[in-house]
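Examination of the molecular architecture
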Amino acid sequence: MVDGTPVVGEVVVPEATVLADNSAPAVCVDTVPAVGEAAVPNASVLADNAGPLNVVQYGAAALENDLNSIAQMLTEAGLTGSHADFAVWKLQTNGVYTVASCYHFLCSHFVPFGPANRYDSAFIDIWKIDVPLKVKAFGWRCFINKVPTKDSLLFKGIIAYTSNLDCVFCADCNESLLYSFLSCRNAGIVWREMAEWIGLPFKIGLDFKEGFIYWSSFCRSKKVKSAKVGTVWLAILWSLWMRRNDIVFNNGSWNSRDVVWSFSIGL
């Protein structure tokens, strides 16, 4: 209370009136309202002080407005007591969740809008390759940039800026999915040697989807079975990921030759 004026939200206690014989003060106590009931002050208590009455009345009016607004919202929601509440999956017309609808929803955020480009098929083709599911899932996560590399962990606050953010393959730049697995000079040695081994003209600067389609198209031209066309590309990528984790968690070392020959057993 400041200068006799109560602050909004402060409980106002009316002043005690002195009895005629000055024997004891008497305080007027209002009836305690029930839970959920708005407290309305006794007008006789605050009749001589218009300030507190206005504050309390304003609070009661605001509360009444809020309750009316909530009641209106509930009415518009169309709630009925005819059946129990249940969850609805909005991506399906029948309201039922399916893994396929969730998968297509996630992919839609990473497939360019407008006419489909020739690399969008990578989202479908990768699941047709005859490799373990964990390897296919890792390749798909590379397509949508959802691999826990250091830059991703830093962005999520899992590691601090003071942590070692260097690429574990070369230490020339900070680790990121695109740089460390495709643009890094040491990772590039692996890709180049494997491309030369199968007779594929080596290209640099390809992203994950483009690289997958490029390697797969070459394998198709060599009459490789459809279930095997992306095996080499995924094997190289998976071997790089396993070597990266060995360096980070087991103090392993980088050796491009080991990675080149480990891809055959990496799956």
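Notes on the structure in this doc start here.

Side note on the packing of helix α9 (residues 208-221) against helix α10 (residues 231-250)
Here α9 crosses α10 at 135 degrees, and the two axes come no closer than 8 Å. The angle between α9 and α10 places the two elements in the oblique class. Counting all contacts with α9, which are made through Phe-208, Gly-211, Phe-212 and Trp-215, the residues of α10 involved are Val-232, Trp-233, Ile-236 and Leu-237. In terms of residue class, the contact of α9 with α10 is made up of seven nonpolar, one polar and no charged.

A look at the pattern of salt bridges
Here the structure, examined in full by the defined rule, presents four salt bridges. Residue Asp-130 is joined to Lys-228 by a salt bridge in which the shortest nitrogen-to-oxygen separation is 3.4 Å. You can see Asp-130 sitting in the loop between α4 (122-125) and α5 (133-143) and its partner Lys-228 sitting in the loop between α9 and α10, a full 98 residues away along the chain. Among the salt bridges present, the one from Arg-244 reaches Glu-175, with a minimum N-O distance of 2.9 Å. With Arg-244 in helix α10 and Glu-175 in the loop between α6 (150-155) and α7 (177-183), this pair connects stretches of sequence that are 69 residues apart. Glu-175 matches Arg-244 in its accessibility class, with the two residues each being buried.

Details of the side chain of Arg-244
With relative accessibility at 4%, the residue Arg-244 sits in the buried group. A polar contact is formed between the side chain of Arg-244 and the side chain of Asn-245, at a distance of 3.0 Å.

Here we look at helix α8 (residues 185-198)
Taking 1.5 Å per residue as the helical rise, α8 with its 14 residues ought to reach 20 Å, and the 20 Å between its terminal C-alpha atoms agrees with that figure. Residues of α8 that are buried: Asn-186, Ala-187, Gly-188, Val-190, Trp-191, Met-194 and Ala-195. Taken from the residues just after α8, Gly-199 is the one with a positive phi, measuring 85 degrees.

Things to note about the environment of Ala-235
With respect to the helices, strands and loops of the structure, Ala-235 is situated in helix α10. In sequence terms Ala-235 and Lys-136 are 99 residues apart; their C-alpha atoms lie 9.9 Å from each other.

Quick look at a nonpolar patch on the surface
Together, Leu-63, Leu-67, Ile-70 and Leu-74 make up a nonpolar patch on the protein surface, roughly 360 Å² of accessible area in all. Its location among the elements puts Ile-70 in helix α2 (residues 50-76). Under the relative-accessibility criterion, Ile-70 is labelled partly exposed at 45%.

What to know about α10
Under the 1.5 Å per step criterion, the end-to-end length of α10 is 27 Å for 20 residues, consistent within 8% with the ideal 28 Å. Within α10, 15 of the 20 residues are buried, which leaves it mostly tucked inside the rest of the structure. Residue Asn-251 follows α10 closely and has a positive phi angle near 55 degrees.

Some words on the packing of aromatic side chains
The final tally for this structure, using the stated rule, is 15 aromatic pairs. When the centroid spacing of 5.7 Å and the interplanar angle of 65 degrees are considered together, the rings of Phe-143 and Phe-212 count as edge-to-face. Note that Phe-143 is positioned in helix α5 and Phe-212 in helix α9, a separation of 69 residues in sequence. Here the aromatic residues Phe-123, Phe-143, Trp-191, Phe-212, Trp-215 and Trp-233 are joined through ring pairs into a cluster of three or more.

Notes on the nonpolar core
Phe-143, Phe-169, Phe-208, Trp-215, Trp-233 and Leu-240 are the most contacted members of the largest nonpolar core, which totals 48 residues. Among the secondary structure elements, those contributing two or more residues to this core are α3 (99-108), α4, α5, α7, α8, α9, α10 and α11 (256-266). No other element matches the nine residues that α10 contributes to this core.

Comments concerning the side chain of Lys-136
Within the secondary structure, Lys-136 sits in helix α5. For the buried Lys-136, no salt bridge exists, and the shortest N-O distance to an oppositely charged side chain is 6.5 Å, to Asp-130. Looking at Lys-136, its side chain comes within polar contact range of the main-chain oxygen of Ile-129, at 3.4 Å. When near neighbours in sequence (up to four residues on either side) are disregarded, Lys-136 contacts Ile-126, Trp-127, Ile-129, Val-131 and Leu-234.

Parameters and conventions
Residues numbered from 1 in each chain as written. Predicted model: local features only at pLDDT ≥ 70, side-chain atom pairs only at ≥ 80, totals over all residues. Heavy atoms only, no water. Axes fitted to C-alpha atoms, helices over the stretch in contact; angles between N-to-C directions. Helix = DSSP H or I, 4+ residues; strand = E, 2+ residues; numbered from the N terminus. Parallel < 35°, antiparallel > 145°, perpendicular 65-115°, else oblique. Contact = heavy atoms within 4.5 Å. Nonpolar A, V, L, I, M, F, W, Y, C, P; charged D, E, K, R; others polar. Salt bridge = Lys/Arg side-chain N within 4 Å of Asp/Glu carboxyl O. Buried < 20%, exposed > 50% of the residue type's maximum accessible area, 1.4 Å probe, protein only. Polar contact = N/O pair within 3.5 Å; in protein donor to acceptor, adjacent residues only side chain to side chain. Expected span 1.5 Å × (residues − 1). Patch = residues over 30% accessible without salt bridge, like charges linked within 9 Å, V, L, I, M, F, W, Y side chains within 5 Å. Areas by Shrake-Rupley, 256 points an atom, 1.4 Å probe, with all protein chains shown as cover. Phe/Tyr/Trp six-rings, centres within 6.5 Å; stacked < 30°, edge-to-face > 60°. Core = buried A, V, L, I, M, F, W, Y, C linked by side-chain atoms within 4.5 Å. Lys, Arg positive; Asp, Glu negative; His and termini not counted.

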